[in-house]
Amino acid sequence: MATTNAGATPPPWHNPICCDSFDVAADANRVLYTVCCFSPPPANRLFLSGRGELGTSEINTYRPGSLPGFRFIDIVDIFGDKRYVIVTTAGVFVTLDITANPIVWTQLGTGPAEACGVKAAVSAGIPTFYVEAGNCSGGDPDQLWKYTGASPGGTWQQVQPPTGGFGIFDVDPTNPNRLYASNLTITSPRMIRSNDGGATWTGNAQLDNLMTGGGVFKYQTQRGPTNFTHFDGYPQPSLVAFDPEDPNIVIAGGRDSGVFLSTDGGSSWRLLRSTGQTRAVLLPRPWFTYIDHEPAGKLNIYIGTQGRGVWRITV
């Protein structure tokens, strides 16, 4: 569903097509999103529309491989006007013009194997793509890889965690050196950040404490709901996101512990709660966010949850 006036009460929603949809990449001009499940293949398909999801049509040219689905992580992202990156079971592909007929897809190097999610950052006109490889559930220790540029002759570089693997991650869309991630270790999860493209990492004890509610919630459960009807247990971190307009704004979230805000680039954090309440009303299972700076001087944080709808938090 789409709206071009999320600030209204209620917003005017438009729902052009059903379902299931796993990924949406929208800007001021158009929306690219996935829809599943079709027969004959491809089961998971890409659709392009104008703003507000008006004038929807299926893309005219597909790339090799299948589009992953049933994961919270993005498999499609924007790195400029008409420029998109997608992940398939055959690799990572980019196009410089999603409106072309036919669309020209370029594969970025070879690998990484089991790529399942992607984030793009652009600095001085040069894109950098970070790809998570593994299960991409947020609960398994996956790998993280980096590719610079949109030409096919580059090389994928693995980003090493301090130990273990990566659960969730995000990159500053305007600075490919700034990363935030959950580090899934043998003993416990933890939140880490990097200012040099993943060459070195720093922990954040304050955010770790918020993720557990000061010890109220387990950082890693042994039993608890996971994908579909599984009950395999989960780590708390479910969301981390940089504001593309303000490098000082970073959002994070825990599956049981709520939503957290940093206004100093991720150095310090606080729990978001309703004004005047002494006890926080937590938003469980926050997986998605959109940060809006309209009107001027006001910060609207939209949170998409698993099972509790979409919420707007005004700061």
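Our subject is the structure listed above.
Residues numbered from 1 in each chain as written. Predicted model: local features only at pLDDT ≥ 70, side-chain atom pairs only at ≥ 80, totals over all residues. Heavy atoms only, no water.

As for the sheet that holds strand S6 (residues 83-88)
Thought 1: Strand order in the open sheet formed by 4 strands is S5-S6-S7-S8, and the pairing between neighbours is antiparallel. Both outer strands of the open sheet, strand S5 (76-80) and strand S8 (106-107), are each paired with one neighbouring strand and no more.
Thought 2: Here 2 bridges tie strand S7 (residues 91-95) to S8, and the two strands are oriented antiparallel to one another. Looking across to S8, one finds that Val94 is bridged to Thr106. (Pairing = 2+ DSSP bridges. Helix = DSSP H or I, 4+ residues; strand = E, 2+ residues; numbered from the N terminus.)

Things to note about the pattern of salt bridges
Thought 1: In this structure the tally under the stated criterion is 6 salt bridges.
Thought 2: With a shortest N-O distance of 2.9 Å, Arg30 and Asp81 are connected by a salt bridge. Here the residue Arg30 occupies a position in strand S2 (residues 30-35), and Asp81 occupies one in the loop between S5 and S6, the gap between them amounting to 51 residues.
Thought 3: Put simply, Arg178 and Asp172 hold a salt bridge, and the shortest N to O gap is 2.7 Å.
Thought 4: By relative accessible area, Arg178 is classed as buried at 13%.
Thought 5: On the accessibility criterion, Asp172 (2% relative accessible area) is buried.
Thought 6: A network of salt bridges, in which partner residues are shared, links Asp74, Lys119 and Asp170. (Salt bridge = Lys/Arg side-chain N within 4 Å of Asp/Glu carboxyl O. Buried < 20%, exposed > 50% of the residue type's maximum accessible area, 1.4 Å probe, protein only.)

A look at the packing of aromatic side chains
Thought 1: In total, this model carries 12 aromatic pairs according to the counting rule given.
Thought 2: Centre to centre, the rings of Tyr33 and Phe47 are 6.2 Å apart; their planes meet at 25°, and the pair counts as stacked. Here Tyr33 is found in strand S2, whereas its partner Phe47 is found in strand S3 (residues 45-50), with 14 residues between them in sequence. The two residues Tyr33 and Phe47 agree in class, both being buried.
Thought 3: One aromatic cluster is present, built from ring pairs that chain together Phe22, Phe70 and Phe228.
Thought 4: When the ring centre of Tyr234 is taken as origin, the NZ or CZ atom of Arg285, which lies over that ring, is 4.6 Å away. (Phe/Tyr/Trp six-rings, centres within 6.5 Å; stacked < 30°, edge-to-face > 60°. Lys NZ or Arg CZ within 6 Å of the ring centre and 35° of its normal.)

Thoughts on the state of the cysteines
Joining two cysteines, a disulfide is a covalent bond between their sulfur atoms.
Thought 1: One pass over the structure, following the stated rule, counts 3 disulfides.
Thought 2: At a sulfur-sulfur separation of 2.0 Å, the disulfide partner of Cys36 is Cys37. Taking the sign of the S-S torsion, 90° for the link of Cys36 and Cys37, the bridge is right-handed.
Thought 3: On the basis of relative accessible area, Cys36 is assigned to the buried category, the value being 6%.
Thought 4: Across the disulfide from Cys116 sits Cys136; the S-S distance is 2.0 Å. Torsion about the S-S bond of the Cys116 and Cys136 cystine: about 80°, corresponding to right-handed handedness. In this pair, Cys116 sits in strand S9 (residues 115-123) while Cys136 sits in the loop between strand S10 (126-133) and strand S11 (143-148), placing the two residues 20 residues apart along the sequence. Like Cys116, the residue Cys136 is buried in the burial classification.
Thought 5: Along the protein, the cysteines engaged in disulfide bonds are linked according to the scheme 1-2, 3-4, 5-6 when indexed in sequence order. (Disulfide = S-S within 2.5 Å.)

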